[in-house]
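Fold and contact review
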Amino acid sequence: MRAKAPKKQRKKREKRQKKTAKKKKSRHATGHGSSRRRWTCRPQSRIRDVAEAFARTATALAKQIIAENSVPGLRRESGAGTSLREVEGGVAGGKKFRRQGIFFKFAVDRFGMYGGDHFAMKAANHELLGLTAYFNCSLPELHFPLMAVIDYCGFRLSATSVLPIRGADTLCYGSDDGGLTVHASDPVAEACMQQAAAILNLKPHVVGCLDPATPPPPGAAAAAPAALGPRQQTLWAPGDIEVHRGATDGRLYMLDTARVFPPEPPQPGRPDTKLYRM
């Protein structure tokens, strides 16, 4: 008859078994037990961490920018010892600033394009929605900036990571001057926009002016002419979208996605509704 092990030895053996089982469970949860789990989980967690870090940094800087520019009693000096300086940008939106690799833009109706600050705020939110729509198309050739919309003290700022682009020198699809010059020269960008349009159920349309001095009459862009003018192109996206070929890495970067989706019919006497009613 086999003798039983002493009680002290049994307890030690049970303790070792529990510790071994705990280590196996920990390896399985972190992905060390499977190469497939390791490569599918880690990149997603890295992207999530970067996005969360960007949102935290952009929110903190946006609060500082609002305090420096909108509340005189709280106006402070920047870390470099000089007051916050405005940078140049497009016509849409309000003042624009650049800090720590992030481009900030106030969502205000600075030049009367939208019919009020409230509608300019709606347009800023549409830009985030349009960017998300293209991102969800999952086209490997298209790349996008990190973006966040921050509301603070009654103000709205859009924050976008700075991209390796150089204005009109890297623009290969869309327009950055209100349709006076329309680009559609990159075949890869053209193919990507066609694929995205098929996913988003968007039709192509003619963009551009027949003459830079005289814009086309209302409704002229909806019907395609028999022959395109020298300043016209057929695009699979809104005319003011921008797709750039990166100056340093050669990648395709998309921005200005506020008018991705077709607008509602304009109200009588309110042509600006096409900018914020999608």
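Right above here is the structure, for reference.
The text that follows walks through the structure, step by step, so that each part is easy to find. (Residues numbered from 1 in each chain as written. Predicted model: local features only at pLDDT ≥ 70, side-chain atom pairs only at ≥ 80, totals over all residues. Heavy atoms only, no water.)

1. Some thoughts on the packing of aromatic side chains
Within this structure, the stated rule accounts for three aromatic pairs. Measuring from ring centre to ring centre gives 6.2 Å for F97 and F106, while their planes differ by 75°; the resulting arrangement is edge-to-face. As far as burial versus exposure is concerned, F97 and F106 are alike and both buried. Ring centres 6.1 Å apart and planes at 75° place the aromatic pair F135 and F144 in the edge-to-face group. Here the aromatic residues F97, F106 and F155 are joined through ring pairs into a cluster of three or more. (Phe/Tyr/Trp six-rings, centres within 6.5 Å; stacked < 30°, edge-to-face > 60°. Buried < 20%, exposed > 50% of the residue type's maximum accessible area, 1.4 Å probe, protein only.)

2. Structural notes on helix 3 (residues 117–135)
Here helix 3 spans 28 Å end to end across 19 residues, near enough to the 27 Å set by a 1.5 Å rise per residue. Inspection of helix 3 places F119, A120, A123, A124, H126, E127, G130, L131, A133 and Y134 among the buried residues, and these make up the whole buried set. Here the buried face of helix 3 lies against strand 2 (102–106), strand 4 (147–152), strand 5 (155–161), helix 4 (187–200) and strand 11 (252–255). (Helix = DSSP H or I, 4+ residues; strand = E, 2+ residues; numbered from the N terminus. Expected span 1.5 Å × (residues − 1). Contact = heavy atoms within 4.5 Å.)

3. Comments concerning the pairing of strand 11
Residues L252 and M254 point to one face of strand 11 and Y253 and L255 to the other, with burial holding for every one of them. As paired strands, strand 3 (residues 142–143) and strand 11 are joined by two bridges and run parallel to one another. Bridge pairing in strand 11 links H143 to Y253. Summarising the sheet, strand 10 (residues 242–245) and strand 11 pair through four bridges and their orientation is antiparallel. (Pairing = 2+ DSSP bridges.)

4. Re the nonpolar core
The biggest cluster of nonpolar side chains holds 26 residues, and the ones touching the most others in it are Y134, L142, Y173, M193, V243 and M254. Looking at this core, the element that brings in the most residues is helix 4, giving six residues. Apart from the residues lying within four places of it in its own chain, the contact partners of Y134 are F144, M193, A196, L200, L202, W236, A237, I241, M254, T257 and V260. I102, F104, F106 and A159 belong to the second largest nonpolar core, which has 14 residues in total. (Core = buried A, V, L, I, M, F, W, Y, C linked by side-chain atoms within 4.5 Å.)

5. Structural notes on the environment of C153
By secondary structure assignment, the location of C153 is in the loop between strand 4 and strand 5. Measuring from C-alpha to C-alpha, the distance between C153 and I66 comes to 8.1 Å, with 87 residues separating the pair along the chain.

6. Concerning the environment of C172
The residue C172 is located in strand 6 (residues 171–174) in this model. For C172, a relative accessible area of 5% translates into the label buried. In sequence terms C172 and L252 are 80 residues apart; their C-alpha atoms lie 8.9 Å from each other. In this structure, C172 is in contact with H183, A184, S185, D186, A189, V243, H244, R245 and L252, ignoring residues within four places of it in sequence.

7. Examining helix 4
A rise of 1.5 Å per residue sets the reference length of helix 4, with its 14 residues, at 20 Å; its end C-alpha atoms lie 20 Å apart and thus fit the reference within 8%. Here helix 4 has its buried residues at A189, E190, C192, M193, A196, A197 and L200. The buried residues of helix 4 occupy one face: seen down the axis, they fall within an arc of 165°. Facing away from the buried side of helix 4, by more than 90 degrees, are the exposed residues P187, A198 and I199. The N-capping residue of helix 4, defined by a side-chain oxygen 2.9 Å from the backbone nitrogen of V188, is D186. (Arc of directions from axis to C-beta. Polar contact = N/O pair within 3.5 Å; in protein donor to acceptor, adjacent residues only side chain to side chain.)

8. Quick look at the sheet that holds strand 1 (residues 96–99)
One open sheet accounts for four strands, arranged 1-2-5-4; its pairing is antiparallel. Strands at the two margins of the open sheet, each flanked by one partner only, are strand 1 and strand 4. Pairs of neighbouring strands in the sheet enclose a mean axial angle of 25°, with direction left out of account. Of the strand pairs in this sheet, strand 4 and strand 5 are connected by six bridges, and their pairing is antiparallel. Directly across from D151, in strand 5, lies its bridge partner R156. Contacting strand 2, strand 4 and strand 5, helix 3 runs over the sheet at an angle of about 150° to strand 4. (Axes fitted to C-alpha atoms, helices over the stretch in contact; angles between N-to-C directions.)

9. A short note on the sheet that holds strand 3
Judged by pairing direction, the sheet is mixed, and its five strands sit side by side in the order 3-11-10-6-7 without closing on themselves. Single-partner strands in this sheet number two, and they are strand 3 and strand 7 (183–184).

10. A few points about a positive patch on the surface
Taken together, the side chains of R10, K11, K12, R13 and R16 make up a positively charged region of the molecular surface. Considering the arrangement of structural elements, one finds K11 in helix 1 (residues 7–30). For K11, a relative accessible area of 52% puts it in the exposed group. (Patch = residues over 30% accessible without salt bridge, like charges linked within 9 Å, V, L, I, M, F, W, Y side chains within 5 Å. Areas by Shrake-Rupley, 256 points an atom, 1.4 Å probe, with all protein chains shown as cover. Salt bridge = Lys/Arg side-chain N within 4 Å of Asp/Glu carboxyl O. Lys, Arg positive; Asp, Glu negative; His and termini not counted. Charge placed at Lys NZ, Arg CZ, Asp CG, Glu CD.)

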